[in-house]
Amino acid sequence: MAFMHQILVRCPRCEQCADIIVHEEVRLSCLACGYVRMYSDQGIRVERGAYDPFFRLPLYLQTNCCGHILWAYNQEHLAYMRQYVEADIRTSDGANRSMESRLPKWMKQKHNRDDVLRAIMLLELAYEKG
Ligand SMILES: [Zn+2]
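Notes on the structure in this doc start here. (Residues numbered from 1 in each chain as written. Predicted model: local features only at pLDDT ≥ 70, side-chain atom pairs only at ≥ 80, totals over all residues. Heavy atoms only, no water.)

**Concerning the overall build of the protein**
Moving on, step 1. Check the secondary structure of the protein and you find four helices and six strands.
Moving on, step 2. For the protein, the N- to C-terminal ordering of α and β elements is β-β-β-β-β-β-α-α-α-α.
Moving on, step 3. In the protein, which comprises 130 residues, the share counted as buried stands at 38%.
Moving on, step 4. In the protein, 46% of the contacts between residues at least 6 apart in sequence involve partners at least 24 apart.
Moving on, step 5. Of the roughly 7,800 Å² of accessible surface on the protein, a fraction of 47% belongs to carbon and sulfur atoms. (Helix = DSSP H or I, 4+ residues; strand = E, 2+ residues; numbered from the N terminus. Buried < 20%, exposed > 50% of the residue type's maximum accessible area, 1.4 Å probe, protein only. Contact = heavy atoms within 4.5 Å. Areas by Shrake-Rupley, 256 points an atom, 1.4 Å probe, with all protein chains shown as cover.)

**Quick look at the side chain of E124**
Moving on, step 1. Mapped onto the elements of the fold, E124 is located in helix α4 (residues 113-129).
Moving on, step 2. Polar contacts involving the side chain of E124 include one to the side chain of R82, which spans 3.1 Å.
Moving on, step 3. What E124 contacts, discounting residues up to four positions off in sequence, is L78, A79 and R82. (Polar contact = N/O pair within 3.5 Å; in protein donor to acceptor, adjacent residues only side chain to side chain.)

**A word on helix α1 (residues 75-86)**
Moving on, step 1. For α1, built from 12 residues, the straight-helix expectation of 16 Å at 1.5 Å per residue is met to within 8% by its first-to-last C-alpha distance of 16 Å.
Moving on, step 2. Those residues of α1 lying buried are H77, L78, Y80, M81, Y84 and V85. Along the axis of α1, the buried residues cluster in a sector spanning 160 degrees; they form a single face.
Moving on, step 3. Looking at where α1 begins, the residue whose side-chain oxygen comes 3.1 Å from the main-chain nitrogen of E76 is N74. (Expected span 1.5 Å × (residues − 1). Arc of directions from axis to C-beta.)

**Regarding the coordination of the zinc ion**
Moving on, step 1. The protein atoms donating to the zinc ion are C11 (SG), C14 (SG), C30 (SG) and C33 (SG), with metal-donor distances spanning 2.3 Å.
Moving on, step 2. Each of the four donor atoms around the zinc ion contributes to a set of angles spanning 107 to 113 degrees, which defines the coordination as tetrahedral.
Moving on, step 3. In the primary structure, the donors to the zinc ion are separated according to the pattern C-x2-C-x15-C-x2-C. With a gap of 22 residues between them, C11 in the loop between β1 (6-10) and β2 (17-22) and C33 in the loop between β3 (26-29) and β4 (36-38) connect regions that are remote in the sequence. (Donors = N, O, S within 2.8 Å, 3.2 Å for Na, K, Ca; no water. Tetrahedral: all angles 85-135°; square planar, octahedral: opposite > 155°, others 65-115°.)

**Some thoughts on the layout of surface pockets**
Moving on, step 1. For the second largest pocket, the calculated volume is near 180 Å³.
Moving on, step 2. Forming the boundary of the second largest pocket are 12 residues, of which C17, A18, D19, S29 and L31 lie nearest the centre.
Moving on, step 3. Contributing elements (two or more residues each) for the lining of the second largest pocket: β1 and β2.
Moving on, step 4. If one sorts the elements of the lining of the second largest pocket by residue count, β2 sits on top with three residues.
Moving on, step 5. Here the lining of the second largest pocket is composed, by residue class, of seven nonpolar, four polar and one charged. (1 Å grid on protein atoms, 1.4 Å probe; cavity = no way out; pocket = protein on both sides within 12 Å on 5 of 7 lines; lining within 4 Å. Points joined across faces, edges and corners; volume = space filled by probe spheres on them. Nonpolar A, V, L, I, M, F, W, Y, C, P; charged D, E, K, R; others polar.)

**Digging into the side chain of D52**
Moving on, step 1. Its location among the elements puts D52 in the loop between β4 and β5 (61-65).
Moving on, step 2. Notably, D52 is buried but unbridged: the nearest opposite-charge side chain belongs to R56, and the N-O separation is 6.7 Å.
Moving on, step 3. Of note is the side chain of D52, whose polar atom sits 2.6 Å from the backbone nitrogen of F54. (Lys, Arg positive; Asp, Glu negative; His and termini not counted. Salt bridge = Lys/Arg side-chain N within 4 Å of Asp/Glu carboxyl O.)

Dropping the structure here:
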């Protein structure tokens, strides 16, 4: 799945921002407390939602928005969502189609746009503060 090479989650030990690096192996590590864990199960449980699909830890980048949870795996994912929502939602022909299909419907609704943008910026700030 797109954007899954790095997933920011809440450290199970100290609750700070930890990251899961998905490469040949899947490794969870926390800079704040030094916690490290490898993922050894076979396969992943790809469920959409505010948890990572390996350790089932809550994603670090998540917030309530429009009665839903807006979440992202990492900064790149946030930037992608922002780019889409900032773009004119009405022009949906051609080029943007693949991008559109990956976002939940409520995020694409015009009347939610301001709230969605606000939530994305909030998460960007939260991440910068660490
Ligand atoms: Zn930690």
